[in-house]
Amino acid sequence: MRTNDVMLQTATKVVTFIILMFAVHIFFAGHYTPGGGFVGGLLTASAIVLLMLAFDIPTIKKILPINYVVLTAVGLLIAIATASASIIFDVPFFTHAYDYFDLPLFGETSLHSALLFDIGVYLVVVGVTMTIIQTIGEDE
Amino acid sequence: MSNLVLFPVVIPLIFAAILMLFPKKLHMQRAVAIAGVVATLASALVLFSKVNSDGVQAVTLGSWPAPFGISMVSDMFSVLLVLSSTIVTLFVLFYSIPTIGMKREQSFYYPAVLFLMTGVNGAFTTGDIFNLFVFIEVLLMASYALIVHGGEKPQLRESIKYLLVNIISSALFVSAVAYLYSVTGTLNMADLAVKIPQIEAVGILTVIAVLFLVVFGFKAAIFPLYFWLPGSYFAPPMAILALFGALLTKVGVYAIMRTYTLFFTMNTGFTHELLAIIAILTILAGCVGALAYFDVKKIIIYNIIIAVGVILFGISQMNAAGIEGSIFYLVHDMLIKAALFLLVGILTVIFGTSDLRKMGGLIKSYPIFGWTFLVAAFGLAGIPPLSGFPGKLLIVQGGFEGTHFWGSLVILATSLLVLLSVVRIFIYAFWGEPVKIVPIDRKHYLSMFVPTAILVALTVVLGVGAELFMPFISDAGEVLLNPSLYIDAVLKE
């Protein structure tokens, strides 16, 4: 039975972007307040899953031709590389570096090397969540 | 501060991530996986020489001061285990190339093995009890992937049991860690070793110690928590079984050894007595299983359980002989179990079955293989001068010096049963009337036999050259007997 999902699809087109924006917000909120790569990644994955529910998996695969396993691997490598940079500077593993910069529009902003690590985490979370959901979803 | 401690943990992780990028390229997968393990082995050797010359190495992650950050600690005990687990993985990898099958190789077999290695090496290296949980989860995740790998029917059935048991024990682990934290206010192992003797509530600490014994006992397969092991280990192919048998239970054994020597020493009259009794029961239960089956895999699997009992009995004595014996036996057992699993793996390939009653007369067609098997079997049983002997001798001596002479007697008596259980394989498979065997070509046979034979040769070297290795073993035992060495290295770095 093919249900009429015009309402779901229309709402999804708007809501997906709201979720993605919120994911970015949560991601950057991560260092001093609750949030970060893990939650941001889960939110992003949930946006993609919503798209998959509203439309179907083949369509979404065409729009987002991402190999999620490769995405996971790249995320892992970014995270390890950030943590391993401390080996080059001869400080204990995982030591992070930060400083304050004057950026246009943002004003004085603190930039952390932990952000790079979090990007890795973000990619791993999106990759793993989507791999799991796709594997389960395709079995039907 | 020495980041070197982390290399054997991080290198396999990097290589596993790289391997995930191109799962279908067969030759690249093999080459990169082997390169990863060789690089890990090299880093472990460098770390070993560093620990040997400069003593215990420690680093606390993220430049946090020691009890607050996560410490990674490498003493002689941990580095010996890292070294042996890496060697085992390397040879199992060589063995898996001809045996594991192309389909498995192209669906993330090698990344899973390297993730397993990350978890195992991490668990051996970490100096933080919660981080130990994390690394055990890493290795469990990888082992879940490996146990269902290929998705055959028995594998799927057994993996459900395996998952359930491990999820329950992981939940218990977190609860036990929470109890420990609420009593002591710290999770850093060195800091725990400082704080626990100052706490007067010995009763609650004893309960926590026993809870940890249950948690680690699930992983290490002690009596009566070993029920999941024979079935689950039986399902996956031989290369994976060899990895599991040689490494996974040893992580549980290591965790018991570390916690029961470093900080759960406030009530040894109860906890270590309990450990000794459980160890002996584990040995007896393992012997029953090892003699009861006619299946070569099952026989060796039950021998894992026996070895766990022997090692834990040595540790429960808390004297130099017992602890050194346990360390030696642990290293020996990792190598010999991997070797034996690979040997019976070849046996099942040749006969096309793992049932002993359908085997026979192989000594005429494969004489060298037969004698190699006999050497490994004698090594397992601990016949001098092979590698099982020095460890067992020290453990038995520890029992006589301690209060559990009856335990030593049981170990001596069961050694004969162990010998019987493996020699039975030799008698059934190599003596008697030759039966029809599966023809395999020479090259394929050699690609399986050579890595196995080298592993057996290594155990012989470990046994015959025990005198050479003893200084390292006593170094390792020294740290376990004197927790202050460990504590100083972490807290005063």
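First, a word on what this report is: a plain description of the structure on this page. Since the model is a prediction, treat every value here as computed from it, not as a measurement.

Cut-off values and rules
- Residues numbered from 1 in each chain as written.
- Chains lettered and ligands numbered in written order.
- Predicted model: local features only at pLDDT ≥ 70, side-chain atom pairs only at ≥ 80, totals over all residues.
- Helix = DSSP H or I, 4+ residues; strand = E, 2+ residues; numbered from the N terminus.
- Rg over C-alpha atoms; globule rule 2.2 N^0.38 Å.
- Axes fitted to C-alpha atoms, helices over the stretch in contact; angles between N-to-C directions.
- Parallel < 35°, antiparallel > 145°, perpendicular 65-115°, else oblique.
- Left-handed = near helix turned anticlockwise from the far one by under 90°.
- Contact = placed C-beta atoms within 7 Å.
- Nonpolar A, V, L, I, M, F, W, Y, C, P; charged D, E, K, R; others polar.
- Buried ≥ 20, exposed ≤ 12 C-beta atoms within 10 Å, placed from the backbone.
- Pairing = 2+ DSSP bridges.
- Expected span 1.5 Å × (residues − 1).
- Core = buried A, V, L, I, M, F, W, Y, C linked by C-beta atoms within 7 Å.

Concerning the overall build of chain A
Phase 1 of the analysis: Helix and strand content of chain A: five helices and two strands.
Phase 2 of the analysis: Tracing chain A from N to C terminus, the helices and strands come up as α-α-α-α-β-β-α.
Phase 3 of the analysis: In terms of C-alpha radius of gyration, chain A reaches 18 Å, well past the compact-globule figure of 14 Å for 140 residues.
Phase 4 of the analysis: Taken along its principal axes, the extent of the C-alpha atoms in chain A is 65 × 35 × 25 Å.

Digging into the packing of helix α11 (residues 238-262) of chain B against helix α14 (residues 320-351) of chain B
Residues and elements named next belong to chain B.
Phase 1 of the analysis: α14 packs onto α11 with a crossing angle of 170° between their chain directions and a minimal axis gap of 8 Å. Taken as axis vectors, α11 and α14 run roughly antiparallel relative to one another. Considering the relative orientation of α11 and α14, their crossing is right-handed. Residues Met-238, Leu-241, Ala-242, Gly-245, Ala-246, Leu-247, Lys-250, Val-253, Met-257 and Thr-261 of α11 pack against Ile-323, Ser-326, Leu-330, Met-334, Lys-337, Ala-338, Phe-341, Leu-342, Gly-345 and Thr-348 of α14.
Phase 2 of the analysis: In terms of residue class, the contact of α11 with α14 is built from 13 nonpolar, five polar and two charged.

A closer look at the interface of chain B and chain A
Phase 1 of the analysis: Chain B puts 14 residues into the contact, and the matching count from chain A is 15 residues.
Phase 2 of the analysis: Within the residue set of the side of chain B that touches chain A, elements represented by two or more residues are α1 (7-19) and β1 (57-60) of chain B.
Phase 3 of the analysis: Among the elements that line the side of chain B that touches chain A, the one with the most residues is α1(B), at four residues.
Phase 4 of the analysis: For the side of chain B that touches chain A, the per-class residue count stands at ten nonpolar, four polar and no charged.

Structural notes on the environment of B:Phe449
Residue and element names in this part refer to chain B.
Phase 1 of the analysis: Turning to its location among the elements, Phe-449 is positioned in helix α19 (residues 442-464).
Phase 2 of the analysis: Taking the C-alpha atoms as reference points, Phe-449 and Leu-342, separated by 107 residues in sequence, lie 8.4 Å from one another.
Phase 3 of the analysis: If sequence neighbours within four positions are ignored, Phe-449 has contacts with Ile-346 and Phe-369.

Digging into the environment of B:Phe400
Residues and elements named next belong to chain B.
Phase 1 of the analysis: Within the element layout of this structure, Phe-400 appears in helix α17 (residues 388-401).
Phase 2 of the analysis: The spacing of Phe-400 and Phe-369 is 31 residues in sequence and 38 Å in space, taken between C-alpha atoms.
Phase 3 of the analysis: When sequence neighbours within four positions are dropped, the list of residues in contact with Phe-400 reads Phe-405 and Ser-408.

Overview of the pairing of strand β2 (residues 71-74) of chain B
Residues and elements named next belong to chain B.
Phase 1 of the analysis: Judged by which residues are buried, β2 turns out to be covered on both faces: Ser-71 and Val-73 on one side and Met-72 and Ser-74 on the other are all buried.
Phase 2 of the analysis: Note that β1 and β2 share four bridges and pair antiparallel. Opposite Gln-57, over in β2, you have Ser-74 as the bridge partner.

Brief notes about unusual backbone geometry
Residue and element names in this part refer to chain B.
Phase 1 of the analysis: Residue Phe-223 is joined to Pro-224 through a cis peptide bond whose omega torsion reads -5°.
Phase 2 of the analysis: Among the structural elements, Pro-224 can be located in the loop between α9 (202-220) and α10 (229-234).
Phase 3 of the analysis: In this structure, Pro-385 follows Pro-384 across a cis peptide bond, with omega equal to 5°.
Phase 4 of the analysis: Its identity is not glycine, yet Met-318 carries a phi of approximately 55°, on the positive side.
Phase 5 of the analysis: Its place among the elements puts Met-318 in the loop between α13 (296-316) and α14.
Phase 6 of the analysis: Judged by the 19 C-beta atoms lying within 10 Å of it, Met-318 is partly exposed.

Some thoughts on helix α7 (residues 153-184) of chain B
Residue and element names in this part refer to chain B.
Phase 1 of the analysis: Taking 1.5 Å of rise per residue, the 32 residues of α7 would be expected to cover 46 Å, and the 46 Å separating its terminal C-alpha atoms lies within 8% of that figure.
Phase 2 of the analysis: All buried positions along α7 are accounted for by Gln-155, Glu-158, Ser-159, Tyr-162, Asn-166, Ser-169, Phe-173, Ala-176, Leu-180 and Thr-184.
Phase 3 of the analysis: On the buried face of α7, the contacting elements are α6 (129-147), α8 (189-195), α9 and α10.
Phase 4 of the analysis: Phi turns positive one or two residues past the end of α7, at Gly-185, with a value near 75°.

Let's talk about the nonpolar core
Residue and element names in this part refer to chain B.
Phase 1 of the analysis: Ranked by internal contacts, the top residues of the largest apolar core, which has 217 residues, are Leu-139 and Ala-338.
Phase 2 of the analysis: Broken down by element, this core gets its largest block of residues, 21 residues, from α14.
Phase 3 of the analysis: Among all residues touching Ala-338, those that are not within four sequence positions of it are Val-88, Phe-91, Val-92, Ala-242, Ala-246 and Leu-455.

Any functional reading would require information that these geometric values do not contain.
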